[in-house]
Amino acid sequence: MSELVATFAPIPPGFGCPPLDLDSASVARARSLAQQIAVEVQERLAGQSTLAIERTVLRLFGVTGATADGEPLANRVVMALHTAGLLTGGVARPFCRAMALTGLDAQALAEAVAADRVDLRAHADCLDVVPEVRAIGETLAQAGVARILARRHEREALIGKLGQGVQPLKYVIVASGNIHEDVIQARVAARQGADVIAVIRSTGQSLLDYVPEGVTTEGFGGTFATQANFALMRAALDEVGAELGRYIRLCNYASGLCMPEIAAMGALERLDMMLNDALYGILFRDINMQRTLCDQRVSRRISALAGLIINTGEDNYLTTADAVDAAHTVVASTLINEALARQAGLRTDQLGLGHAMEIDPMRPDALLLEIAHAALIRHLFPGAPLKYMPPTKHMTGNIWRGHVQDALFNFVGVLTGQGIQLLGMMTEAMHTPHIHDRYLALESAQLVFGGAMSLGTELRVEPGGKLEARARHVLAEAVVLLEEMAREGLMAGLARGHFAEIARSPTGGRGLDGVFVKDANYWDPTADAITAALQALGQLPARGEAQP
Amino acid sequence: MSAIDPKHVRAYGDTLNDGQMMLSFSLPVPFGEEAKEAARQLCRQMGLEAPQVYHAHDLGEGFTYLVVYARSPHTVDTTQLRVTKMATAQLGKDAIEALAAQKFTRRLRVLGACTGDDAHTVGIDAILNVKGYNGDKGLEAYHCLSVKNLGAQVTNERLLEEARAFQPDVILVSQIVTQKDCHRSNLAALIDLAEADGVRQDVLFICGGPRLSHQVALELGFDAGFGAGTLPSQVASFLVQQLPPR
């Protein structure tokens, strides 16, 4: 069933997933419910914007850099308006008006605001967007979109020239805290066969309401995501990729309180993948749900434009809930994530929907259940580059056992036609990977992927057997959950703890103070420019056409 | 097999006193004979004899991965070992509830958090959530305990502020991220703050995480520490036995 697998990267001969007899009415029902849930929440939040979204507008205008005490200029400008209660019309109008009146370019104006030489509040009272101001905003927005599209075309050209790894792409993480060490680790990983390098972020970053500036050498459990760090790693991977004759993809995290801003930075620095989940921050970082649901939409529109693949984080549900009991929550959430992603203009081959292998490996038939779950996800999202996540919950200090668990995980991944395989590390439960942990993981993956390359299209599932029954059962449970969430609405569903056994309230969590209701004169020229570009690319329906 | 001499114990491979050790590590030395020799010399400096490089792999970028087997001539006197262990017995859930009913006139209050920048709640959730870990129910499932879980990324200051309101008998702190030993400084800072606030002596302070042990916990000023694989009932056993009647 090779038509199931995604075409975003080369497919080795025979790569695919065994056929699975699912109830097509249930599949259709699940997808239509997810769509209904996504539309309801989008409509509910359409009238809101956030501090992060307004900062993203400035980033796309070309504003960069920070004050001497490390506060990004984008934050300084947005807060100058927000603290005065003058942000409800968006940052663009007063900013472009001040540009028109002072003659400064975007960067110079942001610096002048930060130095208290220009008071933006004086420009916020004019409600009309006069043609001159409109022209400035539209020109800046077009330039931002053009920069992102240029990086997208650059990627396409490089992949065309260099070639790339075959599916499942081998994805490994680096997480030393020091970007210079990360670069060494990443270059070694590429030489050992890695196709994707993900730089794990410092553990506190998702809760920072600003993006740190510059090259960083200190972090905890990871390395800060900064535009300078992105650029450094991008250059290193381009260099080693050119030498190896294989384009090496770079991944980071558009998540937390700066979701859309980091998406913009990633788009500008030619990242190829972004962890970007509509619900993860709400559940696992206690970020306010209105904030995240607004931010995810803008971040995904930018990622859609950048042509990069988003990765969703449903694997995490199984670290807190039981992997068998909660399997259907992963399915329900991937369907919702998919529906929200499509609204933002992401194409099927940009949907790295996440799932994981987290069943207790000592449970009888654990492998059968894992194959059933992985095959179910594969069949629900034909053509999407699914991201399969390795065991973490049942990894111990016994690295030898862990290496076997990871090898079994690699087997399930290749057998079921997963697109992106996040390779497990034998030292998962102990520390961030050492240089040889990655090599051993890559060697194991190559061995298993090569040996089992075409099993997926050769083997058949026993009709009416345990595996098929399990997949059908999980799908049926997912439909029941989606029915309930469609009835209540997504936000009420999250408040009731349907996902990951974690309950969050619509007005709880971090970052709600950064959400505001847009007034009637709200103006964001970057939103219009992105929409127009996505329409031109055929990723969003043209005006008047229905959403596909 | 000859008799084991507990005063002179060597590592064991397949013959008593063969001293066999396995090591694997990487060196920032380009792949080749020099890298293998560097590995052998390093092993000799560690006091190992007859190091054999069984596997060397070119990692690229001037790094080499090595698997080395060697013989350790050193011995340890196992009759003279002193280790810090928890003095309390491991009880099952029913025995814990029975002991608590006897000893305490109210439910014990347990406040838990994953502190500092740490966002990994897997550990604290496994101990506190009803579901528990590996079939062993979490502390929320105990009638004798009233549990409040503050979740991830709680500052030490906020934890103590919550403690003033909740008046816990026990504070449980989880630390998973240990890069550059940030868990040690963060845990020690909590105890300093608690002492400054005058709440240290009233509350049982317990920490847990994969790189923590009872010994490390005591060094950091805690009353107990639990490492990887700890079951909720082990924590519950400790606290009902350790706390004086109240």
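Residues numbered from 1 in each chain as written. Chains lettered and ligands numbered in written order. Predicted model: local features only at pLDDT ≥ 70, side-chain atom pairs only at ≥ 80, totals over all residues. Heavy atoms only, no water.

*Asks:* Would you mind going over the domain arrangement of chain A with me for this structure?
*Replies:* Quoted interface sizes are often the accessible area lost when the parts come together. All names here are of chain A. Looking at the assigned domains, one finds that chain A contains domain 1 (48-162 + 519-548) and domain 2 (258-285 + 298-471). The distance between the C-alpha centroids of domain 1 and domain 2 comes to 35 Å. Counting residues at the interface gives 26 residues for domain 1 and 25 residues for domain 2. In total, domain 1 and domain 2 occlude about 2200 Å² of area from one another, counting both sides; carbon and sulfur atoms represent 59% of this. Together, Ile148, Arg151 and Arg155 form the three largest contributors to the area buried by domain 1 at its contact with domain 2, with a combined 28%. Run the count over domain 1 and domain 2 and you get four salt bridges. A salt bridge links Asp272 to Arg155; the nearest nitrogen and oxygen atoms lie 2.7 Å apart. At the surface where domain 1 touches domain 2, the tally comes to 16 residue pairs in polar contact (both at pLDDT 80 or more). Going through the elements one at a time, α2 (51-61), α3 (73-82), α6 (131-162) and α20 (525-536) are the ones with two or more residues in the side of domain 1 that touches domain 2. Counting residues per element, the side of domain 1 that touches domain 2 draws most heavily on α6, which supplies nine residues. Residues that form the side of domain 1 that touches domain 2 fall into these classes: 14 nonpolar, five polar and seven charged. (Domains from an automatic or database assignment. Contact = heavy atoms within 4.5 Å. Buried area = accessible area lost by both parts, 1.4 Å probe. Salt bridge = Lys/Arg side-chain N within 4 Å of Asp/Glu carboxyl O. Polar contact = N/O pair within 3.5 Å; in protein donor to acceptor, adjacent residues only side chain to side chain. Helix = DSSP H or I, 4+ residues; strand = E, 2+ residues; numbered from the N terminus. Nonpolar A, V, L, I, M, F, W, Y, C, P; charged D, E, K, R; others polar.)

*Asks:* Help me understand the packing of aromatic side chains, please; the structure alone is not making it clear to me.
*Replies:* Each aromatic ring pair is described using two quantities: the centre-to-centre distance and the angle formed by the ring planes. One pass over the structure, following the stated rule, counts seven aromatic pairs over all chains. Relative to Tyr65(B), the ring of Tyr439(A) lies with its centre 5.5 Å away and its plane at 65 degrees, an arrangement referred to as edge-to-face. One end of the pair, Tyr439(A), is in helix α16 (residues 435-451); the other, Tyr65(B), is in strand β3 (residues 63-71), on a second chain. For the pair Tyr439(A) and Tyr65(B), one class covers both residues: buried. Relative to Phe222(B), the ring of Phe205(B) has its centre 6.2 Å away and its plane inclined at 80 degrees; by these criteria the two rings are edge-to-face. Of this pair, Phe205(B) sits in strand β7 (residues 204-208) while Phe222(B) is found in the loop between α6 (214-219) and β8 (224-226), placing the two residues 17 residues apart along the sequence. (Phe/Tyr/Trp six-rings, centres within 6.5 Å; stacked < 30°, edge-to-face > 60°. Buried < 20%, exposed > 50% of the residue type's maximum accessible area, 1.4 Å probe, protein only.)

*Asks:* Any chance you could explain the pairing of β3(B) here in plain terms?
*Replies:* Consecutive residues of a regular strand have side chains that alternate between opposite faces of the sheet. All names here are of chain B. Of the pairings in the sheet, the one linking strand β1 (residues 20-27) to β3 comprises eight bridges and is antiparallel in character. Bridge pairing in β3 places Met22 opposite Tyr69. Pairing between strand β2 (residues 49-60) and β3: eight bridges, direction antiparallel. Among the inter-strand pairings, Asp58 is bridged to a residue of β3, identified as Thr64. From the end of β2 to the start of β3, which pair antiparallel, there are two residues, and Glu61 there has a positive phi angle of about 55 degrees. (Pairing = 2+ DSSP bridges.)

*Asks:* How should the sheet that holds strand β9 (residues 387-389) of chain A be read in this particular structure?
*Replies:* All names here are of chain A. Overall, parallel pairing links the nine strands, which are arranged β7-β6-β5-β4-β3-β2-β10-β9-β8 in an open sheet. Strands at the two margins of the open sheet, each flanked by one partner only, are β7 (351-352) and β8 (354-356). Bridging between β9 and strand β10 (residues 420-422) involves two bridges; their strand directions are parallel. Residue pairing across strands places Tyr388 opposite Gln421, the latter belonging to β10.

*Asks:* So what exactly am I meant to see when it comes to the environment of Tyr253(A) here?
*Replies:* Position of Tyr253(A) relative to the elements: it lies in strand β4 (residues 249-253). Residues Tyr253(A) and Pro19(A), 234 residues apart in the sequence, show an inter-C-alpha distance of 34 Å.

*Asks:* Looking at this model, I keep getting lost on the interface of chain B and chain A. Mind explaining?
*Replies:* Each side of the interface is counted separately: chain B has 27 residues, and chain A has 34 residues. Across the interface of chain B and chain A, roughly 2300 Å² is buried in total on both sides, 54% from carbon and sulfur atoms. For the pair chain B and chain A, the interface holds two salt bridges. At the junction of chain B and chain A, the tally comes to nine residue pairs in polar contact (both at pLDDT 80 or more). Looking at the side of chain B that touches chain A, the elements that each hand over two or more residues are β1, β2, β3 and α3 (122-128) of chain B. If you tally residues by element for the side of chain B that touches chain A, the top one is β2(B), at five residues. Each residue belonging to the side of chain B that touches chain A can be placed in one class, and the counts come to eleven nonpolar, eight polar and eight charged.

*Asks:* Please clarify how empty space enclosed by the protein should be interpreted in this entry.
*Replies:* Empty space among the atoms becomes visible once a probe the size of a water molecule is rolled across them. All names here are of chain A. Enumeration according to the criterion identifies three cavities of 30 Å³ or more in this entry. Within this model, the largest cavity holds a volume of roughly 120 Å³. What lines the largest cavity is a set of 16 residues, and nearest its centre among them are Leu318, Ala327, Val330, Ala356 and His373. Counting residues per element, the ones that place at least two in the lining of the largest cavity are α13 (327-343), β8 and α14 (366-380). Of all the elements, α14 adds the most residues to the lining of the largest cavity, at five residues. Counted as a void, the second largest cavity has a volume near 50 Å³. As for the second largest cavity, its lining consists of Ile179, Val199, Phe224, Asn229, Phe230, Met233, Leu250 and Asn252. Of all elements in the fold, only α8 (227-244) and β4 reach the threshold of two or more residues within the lining of the second largest cavity. (1 Å grid on protein atoms, 1.4 Å probe; cavity = no way out; pocket = protein on both sides within 12 Å on 5 of 7 lines; lining within 4 Å. Points joined across faces, edges and corners; volume = space filled by probe spheres on them.)

*Asks:* Whenever I open this one, the pattern of salt bridges confuses me. Can you help?
*Replies:* If the charged atoms of two oppositely charged side chains come close together, the side chains can form a pair. The final tally for this structure, using the stated rule, is 43 salt bridges over all chains. Salt-bridge contacts for Glu219(B) lead to Arg184(B); the nearest nitrogen and oxygen are separated by 3.2 Å. With Glu219(B) in helix α6 and Arg184(B) in helix α5 (residues 182-197), the pair connects residues that are 35 residues apart, well separated along the chain. Judged by its relative accessible area of 29%, Arg184(B) is partly exposed. When salt bridges that share partners are traced, they join Arg151(A), Glu154(A), Arg155(A), Arg234(A), Asp238(A), Arg270(A) and Asp272(A) into one network.

*Asks:* Help me understand the pairing of β7(B), please; the structure alone is not making it clear to me.
*Replies:* Residue and element names in this part refer to chain B. With five of five residues buried, β7 lies mostly within the body of the structure. Judged by which residues are buried, β7 turns out to be covered on both faces: Leu204, Ile206 and Gly208 on one side and Phe205 and Cys207 on the other are all buried. Pairing of strand β6 (residues 170-174) with β7, which is carried by five bridges, proceeds in the parallel orientation. By the bridge assignment, Ser174 is partnered in β7 with Gly208.

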